[in-house]
Amino acid sequence: MLTLYGHPFSRAHRVMWMLKELGLPFEHVPIDFRGGATRTPAYLAINPNGRVPALVDDGLVLFESLSINLYLARKFAGALAPRDLVEEAHATQWSFWVATEVEKPLLLAAANLLLFPESGRDPAQATMACGKLDRPFRVIDSHLATRPFLLGDRFTVADLNVAAVMTLVPIAGVPITFYPALSRWLDICLQRPAAADWKPIAFTIPRPPTEAGVLAMFV
Ligand SMILES: N[C@@H](CCC(=O)N[C@@H](CS)C(=O)NCC(=O)O)C(=O)O
């Protein structure tokens, strides 16, 4: 029995996408991290970080969205799973890469392009954050220029993890036209039926009244 904690407009959507790709039934506990529900003793016993998502699989408790997806890929196998040690190494590499090289500047760009209330947006911060994205975006663009997907010719958990973080690109209008292979690949990934929820999720992200509020939620 799988139980996923976290509202779809949080990073829980990454795991929901994976569970849907795998066609796995799961119990969804859509707790909302804005109302204190992630700080209750009951939830802290599941994820002591007080963050969502968390996944419980028959008593195994996991946090960290991207590593949950790597676990699900490995456990339930199928086309999304790495086929050998080399593919597994690359799936891990791209997952760490997106979390460390992309996620933070992307959130900062998205916050200053869209997520902050208009009066709190700082175009200079948005430009600076987009500038920081140039190096990782050039890396993935050049990688995807010679292959359709990150591990080669099929969509895998590596694509899912990276694209799930990059859902903020179209949501916030982060410019990626300079990176044609990245643009093409991201479109293809986000159009997958199991990713369909990203659109409604995207446009219901609440805008807290203060910059500090947004940073507390997303960074
Ligand atoms: N690295 C974690 C980040 C989880 C995270 O920051 N979740 C946010 C929602 S998207 C959260 O729970 N924020 C509430 C808080 O920090 O109190 C992951 O990818 O699972």
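As a starting point, this report considers the structure included with it. None of these values were measured; they are calculated from a predicted model.

Analysis parameters
Residues numbered from 1 in each chain as written. Predicted model: local features only at pLDDT ≥ 70, side-chain atom pairs only at ≥ 80, totals over all residues. Heavy atoms only, no water. Core = buried A, V, L, I, M, F, W, Y, C linked by side-chain atoms within 4.5 Å. Buried < 20%, exposed > 50% of the residue type's maximum accessible area, 1.4 Å probe, protein only. Helix = DSSP H or I, 4+ residues; strand = E, 2+ residues; numbered from the N terminus. Domains from an automatic or database assignment. Contact = heavy atoms within 4.5 Å. Phe/Tyr/Trp six-rings, centres within 6.5 Å; stacked < 30°, edge-to-face > 60°. Lys NZ or Arg CZ within 6 Å of the ring centre and 35° of its normal. Axes fitted to C-alpha atoms, helices over the stretch in contact; angles between N-to-C directions. Parallel < 35°, antiparallel > 145°, perpendicular 65-115°, else oblique. Nonpolar A, V, L, I, M, F, W, Y, C, P; charged D, E, K, R; others polar.

A separate point is the nonpolar core. Nonpolar side chains in soluble globular proteins tend to end up buried together. Membership of the largest hydrophobic core comes to 60 residues, with the highest contact counts inside it found for W17, F137, I140, V162, M166 and W185. Elements represented by at least two residues in this core include exactly strand 1 (2–5), helix 1 (12–22), helix 3 (65–76), helix 4 (85–115), helix 5 (123–144), helix 6 (157–165), helix 7 (168–172) and helix 8 (180–190). The biggest single contributor to this core is helix 4, with 12 residues. Counting residues domain by domain, this core receives three or more from each of domain 1 (2–76) and domain 2 (85–218). Other than its neighbours up to four places away in sequence, I140 contacts W94, W97, L150, V162, M166, L182 and W185.

All right, on to the packing of aromatic side chains then. Overall, the coordinates contain six aromatic pairs when judged by the stated rule. Plain terms: the ring middles of Y5 and Y43 are 5.8 Å apart, the flat faces sit at 55 degrees to each other, and that makes the pair tilted. A residue pair is termed long-range when its members are at least 10 positions apart, and Y5 in strand 1 and Y43 in helix 2 (residues 41–46) qualify at 38 residues. When sorted by exposure, Y5 lands in the same class as Y43, which is buried. Ring centres of F9 and F33 lie 6.0 Å apart, and the angle between their planes is 75 degrees; this geometry places the pair in the edge-to-face category. With F9 in the loop between strand 1 and helix 1 and F33 in the loop between strand 2 (27–29) and helix 2, this pair connects stretches of sequence that are 24 residues apart. Residue classification places F9 among the buried residues on the basis of a relative accessible area of 9%. Ring pairing ties together the aromatic residues W17, F149 and F155, which thus form one cluster. If you follow R192 out to its NZ or CZ, it ends over the ring of F155, 3.8 Å from the centre.

Running from N to C, helix 6 and helix 8 cross one another at 100 degrees; their axes reach a closest spacing of 10 Å. Classified by the angle their axes make, helix 6 and helix 8 are roughly perpendicular. Of the residues in helix 8, those touching helix 6 at D159, V162 and A163 are W185, L186, C189 and L190. A class-by-class count of the residues in the contact of helix 6 with helix 8 yields six nonpolar, no polar and one charged.

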